[in-house]
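Fold and contact review
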Amino acid sequence: MFDTNTRTIVLVGAQWGDEGKGKLVDVMAERADWVVRYQGGANAGHTVYIGDRKIVLRQIPSGILHPGVRCAIGNGVVLDPESLFEEIDALIADGVDVEGRLYVSDRAHIVMPYHKLVDKESAASKAIGTTGRGIGPCYEDKVARRGVRVLDVKHPERLRALVEKGVEHANGLLKRFRSTRTADVEHTLAALAALAPRLERLSDDVGLAVHRAQQSGAAVLLEGAQGSLLDVDHGTYPFVTSSSTTAGGASIGVGIGPRTIDATIGVVKAYTTRVGAGPLPTEFDEVMGEHIRALGNEFGAVTGRPRRCGWFDAVVVRYAVRVNGLSSLAVTKLDVLDTLERVGLCVGYRINGELVSEFPGDIAALEGIEPVYEWFDGWQCSTADARSIEALPAAARAYLDRIEALTECPIRYVSVGTRREQIIG
Ligand code: GDP
Ligand code: IMO
Ligand code: MG
């Protein structure tokens, strides 16, 4: 994907998250110099493998397993230092050398213990089924201009003033939720002080570092978290996360100009999944849902929550192609469909008898809709060892061709298993 003219690439999820972004970043990082996260935080769970060993990355970019690659966490990420250090220590224990090649933006906002508390105690968070990692409350404080940034940690007085504001706000909310828990300024400051020296060592001007890398001709991969339909503007609001998950967010969340981005890749599963509440137009009935969940091992990488499953929705992906300006698609988990007799592909929705092919802004319009399917013969043989499009069974190729036609986007990669080498492209 990287070539002389394509030096900076954004990779995004083009459904509801968990599309296999970690696997694709790990594959593409072989030719990258930098991998940078630009939004979200420890709500993400990106799975990569070292040989047989499964590693789930939450805040550290999925390029970290490639020794020569520099990894950075951009200003758009909400950073949970405690969880970051756990992740770093786990990687070190697995023999990954992290020292000197992981950077954290000095402008990134810090997820405080009270953000996690508010997220866990809020009825609204429960209704959405958030990950409870404090993501929404931290972004709220950022926008309300009372957030704590990495660079504030060096300034004790400023830090105390910000924490006082944050704690006061959080306690007001907790009282309203009738929670028995409260946040405390001194505890919060002490917890942060214990993490501060390690955090300061990683802190850097990531926007400037990436800019310089781009100027020197480096290959830069910007790794999205969550998925386009969870974007705070373009997703199924309010059943979304609190950040800009789409490609536009990459420029803001790293601090580089949009004109420096040369290509955008959207990762999609060969079917659809979603964790948490909110619309999923092509959702299977219980029996088929169980079946695909078992075949695809569809349980949250971090929370273990069962993922809801459905057929591939070309309306959704065509929409994601548009809002991200996708150059190409990476289709993952094709192998999960290997044993099916037939495979469905949603080509439109019937709403009040009318055929709709554009994804609506108001999710109320999705109530009572009927997905319209095209049916494909299953290929009923293993695709796990295919390493070229030609090696795929004809029925699988026909299915992929139709996805390209309906989404109006070329397929650049096809993934046929969890391992690095199980990739076509
Ligand atoms: P991410 O959040 O987008 O990085 O995706 P997750 O890691 O949360 O979930 C994707 C899951 O699918 C992980 O368990 C991956 O190991 C697995 N996976 C990725 N690509 C493939 C594939 O092509 N086939 C199969 N069977 N599993 C895959
Ligand atoms: P990756 O990067 C799938 C979902 C949650 C919930 C909603 C809001 O691994 O693809 P939040 O904690 O962000 O406020 O929760 O978003 N969600 C994800 N779903 N994959 C993710 O990340 C997700 N991150 C958040 O389940 O519905
Ligand atoms: Mg995930």
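Per chain, residue numbering runs from 1 following the sequence as it is written. Numbering of ligands from 1 and lettering of chains from A proceed in the order in which they are written. Per-residue local features are limited, in this predicted model, to residues with pLDDT of at least 70; the limit for side-chain atom pairs, both in listing and counting, is 80 or more; totals at the level of whole chains, interfaces and linings are taken over all residues. Computation of side-chain values: all heavy atoms of the structure, hydrogens and water removed.

1. Topic: the environment of Leu117
- Numbered from the N terminus, helices here are DSSP runs of H or I no shorter than four residues, and strands are runs of E no shorter than two. Following the sequence through the fold, Leu117 ends up in helix α3 (residues 113-121).
- For the exposure calls, accessible area comes from a 1.4 Å probe over protein chains only, and a residue counts as buried if that area is under 20% of its type's maximum, exposed if over 50%, partly exposed in between. Overall, Leu117 belongs to the buried group, its relative accessible area being 11%.
- Note on definitions: a residue-residue contact is assigned when non-hydrogen atoms from the two residues lie within 4.5 Å. Ignoring sequence-local partners within four residues, the contact set of Leu117 consists of Leu174, Arg181, Thr182 and Ala183.

2. Re the packing of helix α6 (residues 156-176) against helix α7 (residues 185-202)
- All axes here are fitted lines through C-alpha atoms, helices being fitted over the stretch that makes contact, and every angle between N-to-C directions spans 0 to 180 degrees. Two elements in contact, α6 and α7, have axes whose closest approach is 10 Å; the angle formed by their N-to-C orientations is 130°. In terms of their interaxial angle, α6 and α7 are classed as oblique. You can see that α6 and α7 cross each other, and the crossing is right-handed. On α7, the residues touching Leu159, Arg160, Val163, Glu164 and Val167 of α6 are Val185, Glu186, Thr188, Leu189 and Leu192.
- For this classification, Asp, Glu, Lys and Arg are treated as charged, while Ala, Val, Leu, Ile, Met, Phe, Trp, Tyr, Cys and Pro are nonpolar and the rest, including Gly, are polar. Here the contact of α6 with α7 is composed, by residue class, of 6 nonpolar, 1 polar and 3 charged. Roughly parallel means an angle under 35 degrees; roughly antiparallel, over 145; roughly perpendicular, 65 to 115; everything else is oblique. For a crossing to be left-handed, the near helix must be turned anticlockwise from the far one by less than a right angle; the clockwise case is right-handed.

3. Quick look at the site of ligand 2
- Among the 20 residues in the neighbourhood of ligand 2, the closest are listed as Asp18, Lys21, His46, Thr131 and Thr241.
- Between ligand 2 and Asn43 there is a distance of 2.9 Å, counted from an oxygen atom to a side-chain nitrogen or oxygen.
- The side chain of Thr131 places a nitrogen or oxygen atom 2.6 Å from an oxygen atom of ligand 2.
- Using the Shrake-Rupley algorithm and a 1.4 Å probe, accessible areas are obtained, with residue cover drawn only from the displayed protein chains. Calculation on ligand 2 without its partners gives an accessible area of 550 Å², and the protein chains cover 97% of this total.
- Tallied by class, the residues present in the shell around ligand 2 amount to 7 nonpolar, 10 polar and 3 charged. Any residue with a heavy atom positioned within 4 Å of a molecule or strand is treated as near that molecule or strand. The definition of a polar contact used here is a pair of N or O atoms within 3.5 Å, where within protein one atom must be able to donate a hydrogen and the other to accept one, and adjacent residues in sequence count solely through side-chain atom pairs.

4. Regarding the site of ligand 1
- The immediate surroundings of ligand 1 are formed by 18 residues, with Lys21, Gly22, Thr47, Asp335 and Ser415 found nearest.
- Measuring from an oxygen atom of ligand 1, one finds a side-chain N or O atom of Asp18 at 3.0 Å.
- In this structure, an oxygen atom belonging to ligand 1 sits 2.7 Å away from a main-chain N or O atom of Lys21.
- Taking 580 Å² as the accessible area of ligand 1 by itself, protein coverage stands at 93%.
- When contributions to the shell around ligand 1 are tallied by element, the ones reaching two or more residues are α1 (21-28) and β3 (46-50).
- Broken down by class, the residue content of the shell around ligand 1 amounts to 4 nonpolar, 8 polar and 6 charged.
- Both of domain 1 (8-105 + 203-265) and domain 3 (269-424) provide at least three residues apiece to the shell around ligand 1. Domain borders in the structure are assigned automatically or taken from a domain database.

5. Some details on the domain arrangement of the protein
- By domain assignment, the protein separates into domain 1 (8-105 + 203-265), domain 2 (109-199) and domain 3 (269-424).
- Between the C-alpha centres of domain 1 and domain 3 there is a distance of 23 Å.
- Tallying the contact residues gives 36 residues for domain 1 and 37 residues for domain 3.
- For any pair of parts, buried area is found by adding up, for both, the accessible area (1.4 Å probe) each one loses once the two are put together. On the domain 1 side of the interface with domain 3, the three residues burying the most area are Gln15, Trp16 and Lys23, jointly 22% of the side's total.

6. A look at the coordination of the magnesium ion (ligand 3)
- Within the first shell, the magnesium ion (ligand 3) binds the protein through Asp18 (OD) and Gly45 (O), at distances of 2.1 to 2.2 Å. Linking Asp18 in the loop between β1 (8-13) and α1 with Gly45 in the loop between β2 (34-37) and β3, this pair joins segments that are 27 residues apart in sequence. A 2.8 Å cut-off from the metal defines N, O and S donors, relaxed to 3.2 Å for Na, K and Ca; water is not in the atom list, so some sites may appear incomplete.

7. A closer look at the environment of Asp204
- By the element assignment, Asp204 lies in strand β9 (residues 203-204).
- For the pair Asp204 and Tyr319, spaced 115 residues apart in sequence, the C-alpha to C-alpha distance is 36 Å.
- The residues contacting Asp204, other than those within four sequence positions of it, are Tyr103, Val104, Ser105 and Asp106.

8. Re the pattern of salt bridges
- Salt bridge, as used here: a side-chain nitrogen of Lys or Arg that lies within 4 Å of a carboxyl oxygen of Asp or Glu. The final tally for this structure, using the stated rule, is 22 salt bridges.
- Residue Asp52 is joined to Arg419 by a salt bridge in which the shortest nitrogen-to-oxygen separation is 3.0 Å. Separated by 367 residues along the polypeptide, Asp52 in the loop between β3 and β4 (53-57) and Arg419 in the loop between β19 (411-415) and β20 (423-424) bring together distant segments of the chain.
- Using a relative accessible area of 30% as the deciding quantity, one classes Arg419 as partly exposed.
- With its nearest N and O atoms 2.7 Å apart, the salt bridge here joins Asp89 to Arg198. Residue Asp89 is located in helix α2 (residues 81-93), and its partner Arg198 is located in helix α7; the two are separated by 109 residues in the primary sequence.
- In this structure, a network of salt bridges that share partners links the residues Asp18, Lys269, Glu298, Arg307 and Lys333.

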